[in-house]
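Okay, here's what each chain looks like letter by letter:
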Amino acid sequence: MKAAEAFKLLGVTPETPLKEIRSRYHALIRQVHPDGGSGDDGQAVQLIEAYNCIRSSADRSCLPTAKQIFALGQEAVHGGSAQLRLVAVRQLARSRMQSAVVFLRQALFDHDVAVATAAAQGM
């Protein structure tokens, strides 16, 4: 299921906060769940798929801002301990933001193998 279809099925927009999407999903699933609502298995499955699609593709509350990406990037490249650099590289990789790639490329040349490996995997 594509994200656009999922938003339409739940009756929300991409700008809707995840908390409101969650409450809308719970309200709709109560109406169609086979154990208590109308008993429509097909519609319940579609709602579950739509909610999971939106939640997995856009856990927007966890996306870092540009300022946070820069701070993570500085920590990944110039951080003191290898453990701190590794954590920063993993967070940059999870962000899936294009601006993080600049720092991940620099982290590829880190002298710590774990940091360089995490940077390579994140790209």
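Note that the structure is predicted; figures quoted are calculated from it, not measured.

K.L.:
So what's going on with the overall build of the chain? Residues and values would help.
P.N.:
When helices and strands are tallied, the chain shows 7 helices and 0 strands. From first element to last, N terminus to C terminus, the chain shows the α and β order α-α-α-α-α-α-α. Buried residues in the chain amount to 33% of all 123 residues. Relative to all contacts within the chain whose residues are 6 or more apart in sequence, the contacts with residues 24 or more apart total 48%. Looking at the chain as shown, the accessible area adds up to about 7,900 Å², and 55% of this sits on carbon and sulfur atoms.

K.L.:
Tell me about the pattern of salt bridges, and name the residues and values.
P.N.:
Tallied over the entire structure, the rule returns 1 salt bridge. Measuring nitrogen to oxygen at the nearest pair gives 2.7 Å for the salt bridge that ties aspartate 110 to arginine 85. Pair noted here: aspartate 110 is in the loop between helix 6 (98–107) and helix 7 (113–122) and arginine 85 is in helix 5 (residues 82–95), with a separation of 25 residues, a long-range link. Relative accessible area serves as the criterion here: at 4%, arginine 85 is assigned to the buried category.

K.L.:
Any chance you could break down the environment of glycine 73 for me, citing the residues and the numbers?
P.N.:
Note on placement: glycine 73 falls in helix 4 (residues 66–78). Relative accessible area serves as the criterion here: at 0%, glycine 73 is assigned to the buried category. C-alpha separation for the pair glycine 73 and valine 102, spaced 29 residues apart in sequence, amounts to 8.2 Å. If sequence neighbours within four positions are ignored, glycine 73 has contacts with Leu92 and Phe103.

K.L.:
Can you break down the nonpolar core residue by residue, with the values?
P.N.:
Nonpolar side chains in soluble globular proteins generally cluster together in the buried interior. Within the largest apolar cluster, 16 residues are counted, with the highest numbers of intra-cluster contacts made by Leu10, Ile21, Tyr25, Ile29, Leu47 and Ile54. The set of elements that each furnish at least two residues to this core consists of helix 1 (3–10), helix 2 (18–32) and helix 3 (41–57). In contact with leucine 10, not counting residues within four places along its chain, are Ile21, Arg24, Tyr25, Leu28, Leu47, Ala50, Tyr51 and Ile54. Residues Ala76, Leu86, Ala107 and Val115 belong to the second largest nonpolar core, which totals 14 residues.

K.L.:
Any details on the environment of glutamate 75? Residues and values, ideally.
P.N.:
When you line up the elements, glutamate 75 lands in helix 4. C-alpha separation for the pair glutamate 75 and arginine 85, spaced 10 residues apart in sequence, amounts to 5.9 Å. Dropping the residues within four chain positions of it, glutamate 75 is found in contact with Gly80, Leu84, Arg85 and Ala88.

Conventions we followed
Residues numbered from 1 in each chain as written. Predicted model: local features only at pLDDT ≥ 70, side-chain atom pairs only at ≥ 80, totals over all residues. Heavy atoms only, no water. Helix = DSSP H or I, 4+ residues; strand = E, 2+ residues; numbered from the N terminus. Buried < 20%, exposed > 50% of the residue type's maximum accessible area, 1.4 Å probe, protein only. Contact = heavy atoms within 4.5 Å. Areas by Shrake-Rupley, 256 points an atom, 1.4 Å probe, with all protein chains shown as cover. Salt bridge = Lys/Arg side-chain N within 4 Å of Asp/Glu carboxyl O. Core = buried A, V, L, I, M, F, W, Y, C linked by side-chain atoms within 4.5 Å.

Read these as geometric descriptors, not functional statements.
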